[in-house]
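Working through the structure, step by step
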Amino acid sequence: MKYTLAYAQKLDAQDELKSYRDKFYMPRKENGEEHIYLCGNSLGLQPKTTKEYIDQELADWAKYGVEGHFHAKNPWLPYHEFLTDKMAKIVGAKPIEVVMMNTLSVNLHLLMATFYRPIKNRYKILIESDAFPSDRYAVESQIRFHGYTNGLVELRPREGEELLRHEDIEATIEKEGDEIALILIGCPNYYTGQVFDIKRIAALGHAKGCSIGVDLAHGAGNLKLELHDSNVDFAAWCTYKYLNSGPGSVGGCFIHERHAHAFDLPRFAGWWGHDKETRFGMRDGFNPIPGAEGWQLSNPPILSLAAIRASLDIFDEVGMAALYKKSVQLTGYLEDLLNEFLENEVTIITPKDSTERGCQLSLQLTNGNGKSIFEAVTKRGVIADWREPNVIRIAPTPLYNSYTDVHTFVMILKEELEK
Ligand SMILES: *Cc1c(COP(=O)(O)O)cnc(C)c1O
């Protein structure tokens, strides 16, 4: 009974968040049918309200020109501040710890300018061996920039395993911590979907004198995060994945409150990080705003912030607790169906424990024909994501995906595997 389409439809009918699907544009095939969109981990869908938020700023720009900085309905001068509280809530941070600025890779560099401070025998950076390429390039180039070589320490799964064992992470920090200047962890890992205990890693790392940063590209809007309590030094994320803010939109940063007044920390500065009262004095020495805002460089792109605002208003209305609750059920349902129908054909490499993953499941096909099957299900209208060397990433997002989407996907995959 549990495995029928009728049962999936029943779950949808009972879903307290079912009305939210209609608040997004679901991509459609040429014949008008909806795609099965399971790719919110790559690019989230467009809220139908986004256009209004952007149109407001376009209208105010037309009406006021430069005066819009003060007189727009939502004045542009403090516009980024309108996003802070809601964003902070989503990642479990205090408002002083969060700012929206730049994009993810840029922010990683800016945060490393402050929190990667190599000295003689402590110059290494610890990352996952399968970290996202941009993160890897960023840390490698930081190490070289500071004049070091061989500074990368990689956390690698054991032979024949896909996931990192917590005891191995801890052993590496224990053994090499004295030489590690920075630990940078993706949470969850973009490839396997594995979530790490960042609070524990932060405690172990700090005990060894390392700084801790987290890449939340796949965590923000997906996991129930407690960034402040986790005690990490910094975090950065993009908003175009689970946060549905549109391609290339502005990213978010977290800098722990204990650094909020540490004005002697080295940082790359720009006028938007300067004290708001005297910013336009233009002659003063740099006087940073306390907290994360003090790391801003430029005045931010308002049209992008408007799109983020549209999305954050939806998240705020739903709340991460309700969203996460559905997420655990929806992904659990995907897992159940895969185990029921395709136990021998599909290996789920993502952790089985729902507290060690978000909504994404990473699938490997047992007989190694992953790419061709991925292409076949794509032809059938499924939008998912292929990652070299051999993973299909499936991300049912609780805001706009249904149990029926999940059921339909598994049936299509099953049919293609049976061909
Ligand atoms: C998506 C993603 C990025 C992308 O970085 P941009 O600077 O926004 O292009 C970087 N790191 C991780 C882990 C990602 O998942």
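So, how was this worked out
- Residues numbered from 1 in each chain as written.
- Predicted model: local features only at pLDDT ≥ 70, side-chain atom pairs only at ≥ 80, totals over all residues.
- Heavy atoms only, no water.
- Near = heavy atom within 4 Å.
- Polar contact = N/O pair within 3.5 Å; in protein donor to acceptor, adjacent residues only side chain to side chain.
- Areas by Shrake-Rupley, 256 points an atom, 1.4 Å probe, with all protein chains shown as cover.
- Nonpolar A, V, L, I, M, F, W, Y, C, P; charged D, E, K, R; others polar.
- Helix = DSSP H or I, 4+ residues; strand = E, 2+ residues; numbered from the N terminus.
- Contact = heavy atoms within 4.5 Å.
- Pairing = 2+ DSSP bridges.
- Axes fitted to C-alpha atoms, helices over the stretch in contact; angles between N-to-C directions.
- Parallel < 35°, antiparallel > 145°, perpendicular 65-115°, else oblique.
- Left-handed = near helix turned anticlockwise from the far one by under 90°.
- Salt bridge = Lys/Arg side-chain N within 4 Å of Asp/Glu carboxyl O.
- Buried < 20%, exposed > 50% of the residue type's maximum accessible area, 1.4 Å probe, protein only.

Looking at the site of the ligand
In the vicinity of the ligand, the contacting residues are L104, S105, F132, D135, D215, A217, H218, Y240 and K241. The contact in question runs from an oxygen atom of the ligand to an N or O atom on the side chain of S105, over 2.7 Å. Protein chains bury 83% of the 390 Å² of accessible surface belonging to the ligand in isolation. Taken together, the residues of the shell around the ligand sort by class into four nonpolar, two polar and three charged.

Focus: the side chain of S211
Positionally, S211 belongs in strand β6 (residues 211–215). Sequence-distant contacts of S211, defined by excluding residues within four places in its chain, comprise F115, A181, L182, I183 and D233.

Concerning the sheet that holds strand β9 (residues 346–348)
Here four strands make up an open sheet; going across it, the order is β9-β10-β13-β12 and the pairing antiparallel. The sheet terminates laterally at β9 and β12 (385–387), the two strands that pair on one side only. Ignoring which end each strand starts from, the neighbouring axes of this sheet average 35° apart. In this sheet, strand β13 (residues 391–394) lies alongside β12 in antiparallel orientation, the contact comprising three bridges. If you follow R387 over to β13, its bridge partner there is V391. Where helix α12 (residues 370–379) meets the sheet, it contacts β10 (361–365), β12 and β13, and its direction lies at approximately 165° from that of β12. Here helix α13 (residues 403–418) sits on the sheet and contacts β9, β10 and β13; the angle it forms with β10, its principal contact strand, is near 10°.

So, the packing of helix α5 (residues 104–115) against helix α6 (residues 133–145)
Their axes nearest at 10 Å, the elements α5 and α6 cross at an angle of 30°. One way to sum up the angle between α5 and α6 is to call them roughly parallel. For the pair α5 and α6, the sense of crossing is right-handed. For the pair α5 and α6, the contacting residues are S105, L108, H109 and M112 in the first and S134, D135, A138, V139, S141 and Q142 in the second. Here the contact of α5 with α6 is built from residues that sort into four nonpolar, five polar and one charged.

Notes on the pattern of salt bridges
The final tally for this structure, using the stated rule, is 33 salt bridges. A salt bridge links K94 to E257; the shortest N-O distance between them is 2.9 Å. In this pair, K94 is assigned in the loop between α4 (81–91) and β2 (98–101) and E257 in the loop between β8 (251–255) and α10 (302–318), connecting sequence segments 163 residues apart. When its relative accessible area of 32% is taken as the criterion, E257 is described as partly exposed. The salt bridge partner of E388 is K371, with a shortest N-O separation of 3.8 Å. On the criterion of sequence distance, the pair formed by E388 in the loop between β12 and β13 and K371 in helix α12 is long-range, its members being 17 residues apart.

Re the environment of V98
Mapped onto the secondary structure, V98 falls in strand β2. Taking the relative accessible area as the measure of exposure, V98 reaches 2% and is therefore buried. Residues V98 and E81, spaced 17 residues apart in sequence, show a C-alpha to C-alpha distance of 9.6 Å. Setting aside its immediate chain neighbours within four residues, V98 contacts T84, M87, A88, V91, A93, C253 and A292.

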